[in-house]
Amino acid sequence: MQPEVQFPVAPNVNPTVRRRRLGQELRRLRELKGMTAEEVAERLLVSQSKISRLENGRRSISQRDVRDLCGVYEVEDTRIVDSLMQMAKDSRQQGWWHAFGDIPYSVYIGLETDAASLRVYEPQVVPGLLQTRRYAEALINGALPESAAGDVEKRVGVRIRRQDRVTTTEEPLRLWAVVDEAALRRVVGDRQLMREQLEYLVEQSQLPHVTVQVLPFDMGAHPGISGHYAILEFPDASDSSVVYIEGVTSDLYLEKANDVQRYSVMYEHLRAQALNADQTRQFIAEIAKEYAR
């Protein structure tokens, strides 16, 4: 008897999320069959790492991959096979960000595009979704001094386009940002630019779906001392939450329940130690006045 598989129907789902869902279904079929990833790889004469990448959604899945895996798992129900094949086809479509060319963090953008909520801790800079264009340009120019002007403009364009999730009036992203005081004190560009950025940050924090909290220097050591991270949650119950940790040459995505729980608890501690929303707006406004002077 074949297992019953429930497939979410979301015609406008982006390819990154569709790839994750397909990978989860393939992992479930493997586990129902009682096979390890190593055993599957041996049967298909491929590497174990390929099977792992297919299951965690980090690798594009072809219809041939799905057919071969369904053969190994002895899936006889053609409806299940056809549904998985369609998901594989959809997962190879391009998201809006591909129009900008090669983006190093495209996996993250795909997840963010489909997320229902995002909790982010930023120790050094204003969160990307709350940056002005001028701040983003100065920040990227400073962080990537050897990049061509065209590459900088491409990155800025992607960052501004991502902000549609915050500014839209239809199902906006629920954004919660804890920002270290260092991000407000670090002069990116010049003092005038910083004043504009902080005033914009106060303005955005007044949106009903956006919460900004500042973690002042005098709080001392705290659970976010090791650096930036973000927690993404999705509207569909079948999509597990993801912890995203940005790296210089590669990024880290954590999806195991224990890892997500650990970072969620850390985030609750950060929120508890930070200024509340009203105190934060006043705190940011005072620093903006300092830049104005």
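Notes on the structure follow. (Residues numbered from 1 in each chain as written. Predicted model: local features only at pLDDT ≥ 70, side-chain atom pairs only at ≥ 80, totals over all residues. Heavy atoms only, no water.)

1. Some remarks on the pattern of salt bridges
Applying the stated criterion to the full structure yields 19 salt bridges. Close ionic contact of Arg79 with Asp77 constitutes a salt bridge, the shortest N to O distance being 3.0 Å. The class of Asp77 is partly exposed, set by a relative accessible area of 21%. What you see here is one network of salt bridges that share partners, running through Arg119, Glu233, Glu268 and Arg271. (Salt bridge = Lys/Arg side-chain N within 4 Å of Asp/Glu carboxyl O. Buried < 20%, exposed > 50% of the residue type's maximum accessible area, 1.4 Å probe, protein only.)

2. Considerations on the sheet that holds strand β2 (residues 174–180)
Strand pairing in a sheet takes place through backbone hydrogen bonds and is either antiparallel or parallel in direction. Read across the open sheet, the six strands follow the order β3-β2-β1-β4-β5-β6; overall the sheet is mixed. Pairing within the sheet leaves two strands with one partner each, and these edge strands are β3 (210–215) and β6 (252–254). Strand-to-strand twist of the sheet, defined as the mean angle between neighbouring strand axes without regard to direction, takes the value 15°. Both strand β1 (residues 117–122) and strand β4 (residues 229–233) contribute to a ladder of five bridges, which runs antiparallel. Among the inter-strand pairings, Tyr121 is bridged to a residue of β4, identified as Tyr229. (Pairing = 2+ DSSP bridges. Helix = DSSP H or I, 4+ residues; strand = E, 2+ residues; numbered from the N terminus. Axes fitted to C-alpha atoms, helices over the stretch in contact; angles between N-to-C directions.)

3. A look at the pairing of β3
Looking along a regular strand, one sees the side chains alternate between the two faces of the sheet. With six of its six residues buried, β3 lies for the most part within the structure. Here β3 shows no split at all, with Val210, Val212 and Val214 on one side and Thr211, Gln213 and Leu215 on the other all buried. Here β2 pairs with β3 via six bridges, running parallel. Within β3, the residue paired with Trp176 across the bridge is Thr211.

4. Observations regarding unusual backbone geometry
Here the phi dihedral of Leu45 falls at roughly 60°; this positive angle occurs in a residue that is not glycine. Looking at where Leu45 falls in the secondary structure, it is placed in the loop between α2 (37–44) and α3 (48–55). Judged by its relative accessible area of 78%, Leu45 is exposed. Of note, Glu171 is a non-glycine position whose phi angle comes to about 50°, a positive value. Examined against the element boundaries, Glu171 turns out to sit in the loop between α9 (164–167) and β2.

5. Thoughts on the pairing of β1
Counting buried residues in β1 gives six out of six residues, a clear majority hidden from the surface. When β1 meets β2, the two strands line up parallel, connected through six bridges. Bridged to Val120 within β2 is Ala177.

6. A closer look at the environment of Tyr253
Inspection of the secondary structure puts Tyr253 in strand β6. On a C-alpha basis, the gap between Tyr253 and Ala230 in space is 9.8 Å, while along the polypeptide they are 23 residues apart. Only 3.1 Å separates the side chain of Tyr253 from the backbone nitrogen of Tyr108, close enough to count as a polar contact. (Polar contact = N/O pair within 3.5 Å; in protein donor to acceptor, adjacent residues only side chain to side chain.)

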